[in-house]
Amino acid sequence: MARYVLGRIAGIVGVLFAVSIMIFLMIHTIPGGPFDAMPTTAEYRDIPEHIRQRLLAKYGLDQPLYVQYIRYMGAALQGDFGISFRYGEPITQFVGRTWQITMQLGLSAMAIGVPLGIGLGIVASLRPNTWLDYLTNLFVITTFVTPTFVIAVMSIIIFAVKLRWLPSGGWGEPNQWIMPTFVYAIGLVGGLARYTRSSMVDALQAEYVRTARAKGLRDRVVVLRHAFRAASLPLLTLLGPLVVNLLLGSFFIETIFRIPGIGSQTTLAVYNRDYPMIMALILLWTFAVSMAYLVTDLLYGVVDPRIRIGGTAN
Amino acid sequence: MYRFGPLTALLVAVPIMILAVGCVALAPPAAEMSEAEMTEVVNSVGVTLPADAAPIEQQVYRFAAIEGKHFDTMRNEYEGFAYESTIESLTKMGPEGEWHPAAADSWEQSEDGRTWTFHLRQDAKWSDGTPVTADDWVYSFRRYLDPEMANVYAWFLFDIENGSEYNKGEVDVEELGVKQIDEYTFSVTTTVPIPYYMFKLSWHAAPVPKHMVEEHGDDWANDPATAPSNGPYRIAEWNRGKNVIFTPNPHYTGRYPATLEQKVQVIIPEVGAPLLQMYQAGDIDGGVGVTGDNLVQVLEDPQLSQEAYINVQNRGVYIYMNQRTPPFDNILVRQAFAHAVDRDALCNNVMRGTCIPAHGFLPKDFPCERNDDPELIAFQNYDPDMAKDLFAQAGYPNGEGFPELTIYTKEGEFIREAEAIQRMLADVLGVQVTPQNVERASYVASMADGELKLALNRWGADFIDPSNFVDWWDDPAASYFTGWTDPEYRQLIDDARPMSTSPERCDLYHEAIKILARDAIGVFVMNPVQAALYKGYVAGLRLTEDGTLGVYNMTLLDDAYIRQE
């Protein structure tokens, strides 16, 4: 087991290196550079060549790519991911400040959205093709097909502009937390509920469920202990990346609600050609996604004893 | 994100309709206060506010802007914070375009028009109590152009004698045309007389606190504690990602003392923040610029239309055509395009009055703007028959044989306009152009390498002078260069540039613009209109006589206060 985990971690390190090279090459091949335009006016102005050269030299961007890469990785391995071109803040400090906000938001949304989604899915699966199922389905499909930014803007218009119950955005006060969390959570419900319902419907028809019922177990025990446990396996596959997504934040939620988190930053960093920021955030993403898959794989074994990881099967 | 604009606007529209009956009323703050309690409101720096002012704790003005990189307005890579609140410039342009003394008590221009001498206000202090002297100012100019700073805006002051030479490292700093005369006097000398130079100086020259820069290096501007202000407000707090709070500067002794107790810059992301909804929700009080679809909504809304100040933006929108290669190296093709665009239909029908049709390049009411000149209009007026004729003469009767092209827009701007133009070109000329929106960086890069042939482009004024709109068309170093040059054109603008502001100078610029229109170097389409929203309770705005904001009004909020409602 430990050997398996170590092997996987070594693999993740390898992936990180490969990704770092790819991203490094990509950000330097896409047209445009970090010092091309003036964000305030969004106006493009030509920078005299001698100033551009000095600026590039100031940030070491005049060096050959491999030199830049080696320098970057050398520093990064010592924990120095550079300074954001856009914000002038050290990347590590920036990530520390913004990521905890995103995680706070993601965890709150998960605390609401995951139980709600799974719950609705289970409820729908227990009474398939009844009005309850259809009603759940209607809700699920509506929220599933409505893009987050639409729900976000709609809720701002209803709760902030019209009713004036909540502020339109921002972060820090408890009342600023409510809207983004719920909008975010609603976005989770659809996918989870549909997935749960279909796995549950399959599981409920399985023979061991019939056996469990035949043993005279109470309905709740049959559903939760037997059917849901089996049904949660495919759910895990969905949840792993979902958790990562939540912890790394949503561009739409964070820009529309003006949340100073990390979720909007990858897109903005590319937009601004903020090279150190792009590198750091994509590496962070890669790391998080790889770890999520590792943890998911390990959890498979916990949830379903038939799966044995890294060792020999019984 | 802007590509969601129309959809967002649609979403705004529905609830606005719902709202139409129960219109949003502002909660009247402290409305129950009795007459006796309504005493004079005096703010923390001793300014007595007008009789209808709200209580002192409500004297807070909130506006939205993106996060700056630092507070150093004389060092630009990415922008610093908006500095009107904390930086007092030499002079300020009022609503009617007139100059008022600010950091400078007085100034004079030399006989030859090249040297401007400024006499500073002698009691001026930084918000930490240190005097502001000519030494700070001269230091700031030198630093702005210092090659080591690699300031991307340095070119803005290249007109200063030896400005560009110093910035290139070719001459010593002593050669720079900025000289300290005594403790409170300094002068700026330009290479040639530049009539509008006051604008450049007041818009782009700010003093930095020399004592802080020397002590903390460039980091001085990253922390409010080491970034004192010479203006009416100082920076009290910078909460990254959230807001910047400005409070009255207790050491300010100038002509524009703070009236508000707090100005709060609410930080918004570069893209995606629903500004109009933030404003409607009461999370910001003003300074919201609204264009396009949102503007249509604003004008139709009974409440918002009352709070809107309409003005034509200092922007010219035109069709960029790369003339280095076919098909736009052919003047007939360009002229055919110019006559195929129905600008009135575009602005009045498609854009529902959110732009002003233009046949010239200078925005309406800009100095030297003569867009009503029939001769100018005739060069690019909407004339489908003439357009067809010209196109046939160019070898493309009914569009046959003309390549399919993409018309680019950037950042989601002018997408609808581009679609309308696509339709007009198809109807009139039988050509197929497909609009495509791309992001800023790749737009400019592909324009520079000549890959991009056709775009709906815009130019926004950097300063109030027609030279800004004509200087770069024939400059091969400019990104918006189309490959076209013309000695006659160059001569006109070279002659006009050093002249003093006069109708004769305008004549020359107008002639130059007529060349651009005649040879269809660009197809001039329109000037966008903007509304700036300010809540009714934001009172004391310094407006023009006809109640508009003015073209570059630097004094707008100088007397602003929150009115009791």
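Residues numbered from 1 in each chain as written. Chains lettered and ligands numbered in written order. Predicted model: local features only at pLDDT ≥ 70, side-chain atom pairs only at ≥ 80, totals over all residues. Heavy atoms only, no water.

### Considerations on the overall build of chain A
Right, on to step 1. On a plain count of helices and strands, chain A comes out with 12 helices and 2 strands.
Right, on to step 2. In chain A, the succession of helices and strands from N to C terminus is α-β-β-α-α-α-α-α-α-α-α-α-α-α.
Right, on to step 3. Seen through its principal axes, chain A has C-alpha atoms that stretch 85 × 60 × 30 Å.
Right, on to step 4. For chain A, the computed accessible surface area is about 14900 Å², with 67% contributed by carbon and sulfur atoms.
Right, on to step 5. Separation between the mean location of the 25 positive side-chain charges and that of the 16 negative ones in chain A comes to 10 Å. (Helix = DSSP H or I, 4+ residues; strand = E, 2+ residues; numbered from the N terminus. Areas by Shrake-Rupley, 256 points an atom, 1.4 Å probe, with all protein chains shown as cover. Lys, Arg positive; Asp, Glu negative; His and termini not counted. Charge placed at Lys NZ, Arg CZ, Asp CG, Glu CD.)

### Observations concerning the sheet that holds strand β5 (residues 115-120) of chain B
Residues and elements named next belong to chain B.
Right, on to step 1. One open sheet holds the 4 strands; their spatial order is β4-β5-β7-β6, and the pairing between them is antiparallel. Strands with a single pairing partner mark the edges of an open sheet, and in this sheet they are β4 (104-109) and β6 (178-182). Shown here is a sheet whose adjacent strand axes are inclined to one another by a mean of 20°, direction ignored.
Right, on to step 2. In terms of strand pairing, β4 meets β5 through 5 bridges, oriented antiparallel. Each residue of the ladder has a partner; that of Q109, found in β5, is W116.
Right, on to step 3. Contacts between helix α2 (residues 134-145) and the sheet are confined to β5, β6 and β7 (185-189), with β6 contributing the most and set at about 170° to the helix.
Right, on to step 4. Helix α4 (residues 197-204) contacts β4, β5 and β7 of the sheet and is inclined by roughly 45° relative to β5. (Pairing = 2+ DSSP bridges. Axes fitted to C-alpha atoms, helices over the stretch in contact; angles between N-to-C directions. Contact = heavy atoms within 4.5 Å.)

### Focus on the interface of chain A and chain B
Right, on to step 1. Between chain A and chain B, the residue contacts involve 53 residues of the former and 66 residues of the latter.
Right, on to step 2. Here chain A meets chain B over a buried area of about 5500 Å², counting both sides, of which 60% is carbon and sulfur.
Right, on to step 3. Applying the counting rule to chain A against chain B returns 5 salt bridges.
Right, on to step 4. A salt bridge links A:R258 to B:D283, with the shortest nitrogen-to-oxygen separation between them at 3.9 Å.
Right, on to step 5. Viewed at the interface, chain B and chain A are joined by 11 residue pairs in polar contact (both at pLDDT 80 or more).
Right, on to step 6. Broken down by secondary-structure element, the contributors of at least two residues to the side of chain A that touches chain B are β1 (37-38), β2 (43-44), α2 (49-58), α6 (148-162), α10 (251-256) and α11 (265-272) of chain A. (Buried area = accessible area lost by both parts, 1.4 Å probe. Salt bridge = Lys/Arg side-chain N within 4 Å of Asp/Glu carboxyl O. Polar contact = N/O pair within 3.5 Å; in protein donor to acceptor, adjacent residues only side chain to side chain.)

### Some points on the layout of surface pockets
Right, on to step 1. Taken as a whole, the second largest pocket encloses approximately 1200 Å³ of empty space.
Right, on to step 2. Around the second largest pocket sit 46 residues that line it, and A:D46, A:I47, A:P48, B:W155 and B:D475 are the ones nearest its centre.
Right, on to step 3. Broken down by secondary-structure element, the contributors of at least two residues to the lining of the second largest pocket are α2 of chain A together with α14 (440-448), α15 (467-470) and α16 (487-496) of chain B.
Right, on to step 4. Sort the elements by how many residues they give to the lining of the second largest pocket and α14(B) lands first, with 5 residues.
Right, on to step 5. Within the lining of the second largest pocket, the residues separate by chemical class into 25 nonpolar, 7 polar and 14 charged. (1 Å grid on protein atoms, 1.4 Å probe; cavity = no way out; pocket = protein on both sides within 12 Å on 5 of 7 lines; lining within 4 Å. Points joined across faces, edges and corners; volume = space filled by probe spheres on them. Nonpolar A, V, L, I, M, F, W, Y, C, P; charged D, E, K, R; others polar.)

### Here we look at α2(A)
Right, on to step 1. Of all the positions in α2(A), only A:I51, A:L55 and A:L56 are classed as buried. Along α2(A), the residues classed as buried sweep out an arc of 135° about the axis, all on the same side.
Right, on to step 2. Each element contacted by the buried residues of α2(A) is listed here: α3 (163-167) of chain B.
Right, on to step 3. Where α2(A) terminates, the next one or two residues include A:G60, which has phi positive at roughly 70°. (Buried < 20%, exposed > 50% of the residue type's maximum accessible area, 1.4 Å probe, protein only. Arc of directions from axis to C-beta.)

### As for the confidence of the model for chain B
Right, on to step 1. Across chain B, pLDDT averages 88, with 92% of residues at or above 70.
Right, on to step 2. Both confidence scores are given for the complex: pTM 0.84, ipTM 0.87. (pLDDT = per-residue confidence, 0-100.)

### Details of the sheet that holds strand β10 (residues 262-268) of chain B
Residues and elements named next belong to chain B.
Right, on to step 1. Across the sheet, 4 strands lie side by side as β1-β10-β9-β8; this open sheet has mixed pairing. A strand with exactly one partner marks an edge of an open sheet, and here the two such strands are β1 (60-66) and β8 (233-239). The average angle at which neighbouring strand axes cross in this sheet is 20°, direction not considered.

### Description of the packing of aromatic side chains
Right, on to step 1. Applying the stated rule across the entire model yields 42 aromatic pairs over all chains.
Right, on to step 2. With 6.1 Å between their ring centres and 35° between their planes, A:F159 and A:W165 make a pair best called tilted.
Right, on to step 3. A relative accessible area of 29% places A:F159 in the partly exposed class.
Right, on to step 4. Relative accessible area serves as the criterion here: at 62%, A:W165 is assigned to the exposed category.
Right, on to step 5. Three or more aromatic residues joined by ring pairs make a cluster, and in this case those are B:Y318, B:F361, B:F366, B:W459, B:F469, B:W472, B:W473, B:Y480 and B:F524.
Right, on to step 6. The ring of B:Y256 carries the charged tip of B:K92 above its face, separated from the ring centre by 4.4 Å.
Right, on to step 7. Stacked on the ring of B:F156, the Lys or Arg B:K200 has its end atom at 4.9 Å from the ring centre. (Phe/Tyr/Trp six-rings, centres within 6.5 Å; stacked < 30°, edge-to-face > 60°. Lys NZ or Arg CZ within 6 Å of the ring centre and 35° of its normal.)

### Some remarks on the nonpolar core
Right, on to step 1. The biggest cluster of nonpolar side chains holds 149 residues, and the ones touching the most others in it are B:F118, B:F141, B:F186, B:W473, B:Y489 and B:Y534.
Right, on to step 2. It is helix α12 (residues 275-303) of chain A that contributes the most residues to this core, 10 residues altogether.
Right, on to step 3. Once residues lying within four places of it in the same chain are set aside, the contact partners of B:F141 are B:M74, B:L157, B:I160, B:L176, B:V178, B:F186, B:V188, B:L201 and B:A205. (Core = buried A, V, L, I, M, F, W, Y, C linked by side-chain atoms within 4.5 Å.)

### Details of the environment of B:E84
Residues and elements named next belong to chain B.
Right, on to step 1. Assignment of secondary structure puts E84 in the loop between β1 and β2 (91-93).
Right, on to step 2. Relative accessible area serves as the criterion here: at 57%, E84 is assigned to the exposed category.
Right, on to step 3. A sequence separation of 94 residues divides E84 from V178, and the C-alpha atoms of the two residues are 23 Å apart.

### A closer look at the pairing of β7(B)
All names here are of chain B.
Right, on to step 1. The buried fraction of β7 amounts to 5 of the 5 residues, a majority that puts the element mostly inside the structure.
Right, on to step 2. Residues T185, S187 and T189 point to one face of β7 and F186 and V188 to the other, with burial holding for every one of them.
Right, on to step 3. Bridge count between β6 and β7: 4 bridges; the pairing is antiparallel. Counterpart to K179 in the pairing with β7 is S187.
Right, on to step 4. Count of turn residues in the β6/β7 antiparallel hairpin: 2 residues.

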